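The residues making up each chain are set out below.
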Amino acid sequence: MFITSNNTFAFIRVHSRLFIPWLFLLTCQTEAAAPVLKALEPRGAQRGQALRVTLVGESLQPSAEISTSLPGAFSRLAPSAEKADTELPLLLQLKENAVPGLYPVRVRTENGLSNVLLFAVGSLPETVEAESLLKEKDRFEKLMNDTPASAEKVALPITVNGTLVGPDQDYYRFNAKAGERLVFEVDARRAGSAIDPVVRVLNAAGKEMAVNNDAPGAGVDARAEVTFAHAGEYLVLVHDAKYSEQDQNFYRLKIGSFPYAEFMFPLGGQRGKAVDVSLAGGSLAAPVVVKLGPAPEKQASHLPVTLPGSASLPFLFRLGDLPELLEPEPALPDAGLQSARGRKTSSAKKTPELAKLVDLPASTVMNGRISRPGEVDKFRVPVNPGQQWVFEVEAASLGASKLLGVLAVYDAATNKRLALTELGQEAGTNPFSFESSRNEVDPRLSVSIPNHVSQVVVSLEDLLGRGGAGFSYRLTAFPQPPDFNVELVTPYVNLPENGTAAIEVLVSRRGYDGPIRLSIPELPEDLVQEGGNIPAEMNPPQDRRPFSLGYLTVTAKPGAKHRPFHLSVWTEATESNPRIRKQAIAPGMVQPIRGVRQKSFKAPWLDASLPVAVANPVPLRIDLPQRHVRIVQGGDYSLPWKLVKGAQASGAIKVENPRPTASIKDLRVLRRPEGMVYGEEGTFHILTTFATPPATFDLVMDASRITGTKSERLITAPAVTVEIVPGYRLKLMSEKLELRQGSRVEVTGKVEREPGFNAVVTVQVEDLPQHVTSQELVIPADQTSFRLVLEAGPESQAGTFDVRLSSSATLPDRRDKQEFKIPDVKARVDVLAGAAALK
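Residues numbered from 1 in each chain as written. Predicted model: local features only at pLDDT ≥ 70, side-chain atom pairs only at ≥ 80, totals over all residues. Heavy atoms only, no water.

### Concerning the environment of valine 165
Summarising the element assignment, valine 165 is placed in the loop between strand S12 (158-163) and strand S13 (169-176). Accessibility expressed as a relative area gives 15% for valine 165, which makes it buried. The spatial distance from the C-alpha of valine 165 to the C-alpha of histidine 239 is 9.4 Å, given a sequence separation of 74 residues. (Helix = DSSP H or I, 4+ residues; strand = E, 2+ residues; numbered from the N terminus. Buried < 20%, exposed > 50% of the residue type's maximum accessible area, 1.4 Å probe, protein only.)

Right, here's the structure in full:
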């Protein structure tokens, strides 16, 4: 699909008629707002052609920088005076040998980066829908091609760049020869459009000959193929499946006699290795093999795979770092195996449902295929008893497979099922497993291997019992303790000089509930990072959110160099053994989709790292005297802030409430004074109770300009790290206490109180063995050390015993006299044989 990544973006100066593959235009910025791209006109072009391309948006200056990997040459054209800030007209000359596909385009000015839009390079002649060229008023008055009678005439082959506005539907009229085979393919969502296209082919009388919505291998995009029995005039109709209003409402309708494939095998391969990829289905009578060389970029996550001679967008071939295997050809089933969905089979019937067991080594990707309806693929995996193992599948999420997988894990010795997952199943239904798919389409299981199990059988089948060439998958099994999945919410960052920007991260927990730390390794010296604390998940399962948000702020020092660059954001589990460290993958681009339960379009294959630009300073900041706050459980803190405006700051500006963070019990952050909206100073009051758990988290505040009902975020303050801590801690000088039968021993320790926590602490040793005693000890508020006395009677039992040091504290100035407690301190008592006289 996408044939290049942001890694190959380059910033280069455009001269008149300069023929270069990586493009850049230089700008001087006159306004404070960062540039925004709203449209490319047109959305694509035929390779080898020269054409005018207009970038439409906001805060676009005539000499703005363009970052793209388009294979061609740009020349700058003069914009009209009234559109100098909203349009960038360019002359583009595409190379004759340009590879068809989608190329990212982004703008940079001295005030920052824009969002990414995708420009398509195709192999067919191109045109722009006449209705799309009309102004809004003319469009509704003329309705150029919304009915069969007003259908726009096109000559084939052709790619039509069109748009759909809400209930809009576009008709095109064309001629076909008798016996001619034509493909009608609509590119939309794959190219970053928000519409869900439907394509319909009709005869001149309006009778439907073919219809498609969501073509195999094309995601939600559409494709239909028709062989015309008679020569004549026909119609093709394009509309949105939901007739929805979308900001990005473009499509590219391709009509021609080109070949196309629907499926790819294998779906991926090991990074740095050459591989033969088989394309099948669609118009192909037999599979076509495409030879892929190693990826030119070490960090590339995907490679494009294009069917020779096809006008279709390339497939995305997944790249990984693990060794890879190809599944052997299916064999006759073994007796005694059964489907995870409950079907029984008999080897006597020679059914194709269950193939013989195939060995799958740990941490190896098996590229397989459910090749026939009803087939169940099973693999034998050696495991380590008592360990946590992950079994995961990539299939439908890669866009080139129809498999809706059902994954099951069995004890190889007893055939007892240990875990099962399928679409719609809730996590936690099996005592041995939990599940959380990283893409919410393909199955994933995390299984605690029972102590008596050293080998498991993993089965995979289609939820609907289907099979065939289009049901490929990538299956991996590897030892992995409970962990988490992480991705960047922020697609790019504009960082004002002497200002701050926030990087937002989304974490989905997969068994690991401890704290997580965010960081940026190798941060440039003129930048400062703060925050990055995601607290542990301590809520009961029924009260948990499906994800946690974390923030990391980056501040550009005064005098920081203005330039574009990339950062890598990493996450680490701070209480995990073994260590868990993962890169937070950037979304590449984010295009919101309007509608119920619609998820934004993202393109993480563009680049795993985060694009950043240091830009012009802004005349606005939020002053925070404290960047690190420490609050004792049950206490509170007022965090003051002040909005400092420069002479150029205008409009109604509001300091927003802190961004949402993790759900922490009995924690509140209140605005003071209440009801204040546009004040230039105030406080955020952080309140806790004795029941608020210890945690470290961050508060991130923004200031926004309010215009009517709209809010425009202007600046961000550096993160304030908040620690909620116990009022005191107990420390024993030794965790191993030794005494002999009939003897007494003194145990020394310390009370470490937080500043201002002047409490009396009561200490008691719990779970002592019989005939071993210790008296409760009260430690006055002005004392920091203590001595506990343990006595073992002559009749006490010799041995080693685990004990607890429990405690509570009472604050003298607290009216309710509520006791404050901390977790017990664990210790061990060794009672030695041999009587000794008590002294």
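### Focus: the environment of aspartate 636
Structurally, aspartate 636 is set in strand S52 (residues 636-645). Each C-alpha atom, one on aspartate 636 and one on arginine 668, is 9.5 Å from the other, the two residues being 32 residues apart in sequence. For aspartate 636, the residues in contact, after removing those within four places along its chain, are Ile631, His685, Ile686 and Leu687. A polar contact of 2.9 Å, which involves the side chain of aspartate 636, links it to the side chain of histidine 685. (Contact = heavy atoms within 4.5 Å. Polar contact = N/O pair within 3.5 Å; in protein donor to acceptor, adjacent residues only side chain to side chain.)

### A word on unusual backbone geometry
In this structure, the amide linkage connecting phenylalanine 265 to the following residue, proline 266, adopts the cis form with an omega of -5°. Structurally, the position occupied by proline 266 is in the loop between strand S20 (263-265) and strand S21 (268-270). Here the amide bond leading from asparagine 577 into proline 578 is cis, since omega sits at 10°, within 30 degrees of zero. The backbone of aspartate 767 sits at a positive phi, close to 65°, despite the residue not being glycine. Turning to its location among the elements, aspartate 767 is positioned in the loop between strand S63 (760-766) and strand S64 (772-774). A positive phi angle, close to 70°, is found at histidine 771, a residue other than glycine. With respect to the helices and strands, histidine 771 occurs in the loop between S63 and S64. Classification of histidine 771 by relative accessible area gives partly exposed; the value is 40%.

### A few points about the side chain of serine 807
With respect to the helices, strands and loops of the structure, serine 807 is situated in strand S67 (residues 799-810). There is a polar contact of 2.7 Å between the side chain of serine 807 and the side chain of tyrosine 728. In this view, serine 807 contacts Tyr728, Leu730, Val761, Thr762, Val763, Lys821, Ile822 and Asp824; residues no more than four positions away in its chain are not counted.

### Some words on the sheet that holds strand S14 (residues 181-187)
Here five strands make up an open sheet; going across it, the order is S10-S12-S19-S14-S17 and the pairing mixed. Edge strands, defined here as strands with exactly one partner in the open sheet, are strand S10 (126-128) and strand S17 (222-227). Direction aside, neighbouring strands of the sheet carry axes that sit 15° apart on average. In this structure, S10 lies alongside S12, joined through three bridges in parallel fashion. Opposite valine 128, over in S12, you have asparagine 161 as the bridge partner. (Pairing = 2+ DSSP bridges. Axes fitted to C-alpha atoms, helices over the stretch in contact; angles between N-to-C directions.)

### Topic: the side chain of serine 401
Within the secondary structure layout, serine 401 lies in the loop between strand S30 (388-394) and strand S31 (405-411). We classify serine 401 as buried; its relative accessible area is 11%. Polar side-chain contacts of serine 401 include one of 3.2 Å to the backbone nitrogen of leucine 403. Setting aside residues no more than four positions away along its own chain, serine 401 makes contact with Leu267, Ala395, Ala396, Gly470, Phe471 and Ser472.

### Some remarks on the confidence of the model for the chain
Overall, the predicted model of the chain reaches an average pLDDT of 87, with 88% of residues at or above 70. Below a pLDDT of 50 lies the segment residues 331-337, which in the model reaches 20 contacts outside its immediate sequence neighbourhood of four places, other chains included. Note on residues 423-438: pLDDT is under 50 here. Beyond four places in sequence and across chains, it has 39 contacts. (pLDDT = per-residue confidence, 0-100.)

### Some points on the nonpolar core
Tyr728, Leu730, Phe757, Phe786 and Leu805 are the most contacted members of the largest nonpolar core, which has 32 residues in total. Broken down by secondary-structure element, the contributors of at least two residues to this core are strand S60 (728-732), strand S61 (736-740), strand S62 (744-753), S63, strand S66 (785-792), S67 and strand S68 (825-832). One finds Val507, Ile520, Ala556 and Ala560 within the second-largest nonpolar core, a separate group that totals 30 residues. (Core = buried A, V, L, I, M, F, W, Y, C linked by side-chain atoms within 4.5 Å.)

### Structural notes on the sheet that holds strand S59 (residues 720-725)
Strand order in the open sheet formed by three strands is S51-S59-S56, with mixed pairing between adjacent strands. Whereas interior strands pair on both sides, the edge strands pair on one side only; in this sheet they are strand S51 (628-632) and strand S56 (695-699). Put simply, the sheet's adjacent strands are angled 20° from each other on average, direction ignored. As paired elements, S51 and S59 share five bridges and run parallel to each other. Each bridged residue has a counterpart across the sheet, and for valine 632 the counterpart in S59 is valine 725.

### Structural notes on the pattern of salt bridges
Across all of its chains, the model carries 46 salt bridges by this definition. Put simply, aspartate 187 and lysine 254 hold a salt bridge, and the shortest N to O gap is 2.6 Å. Taken together, the residues span a long stretch of sequence, with aspartate 187 in strand S14 and lysine 254 in strand S19 (residues 250-256) at a distance of 67 residues. The pair formed by aspartate 187 and lysine 254 is uniform in burial state, with each residue classed as buried. Note that glutamate 392 is salt-bridged to arginine 444, the shortest N-O span being 3.4 Å. Placement of the pair is glutamate 392 in strand S30 and arginine 444 in strand S34 (residues 444-448), with a sequence separation of 52 residues. Like arginine 444, glutamate 392 is buried. Each of Glu185, Asp187, Arg190, Asp221, Arg223 and Lys254 takes part in one network of salt bridges that share partners. (Salt bridge = Lys/Arg side-chain N within 4 Å of Asp/Glu carboxyl O.)

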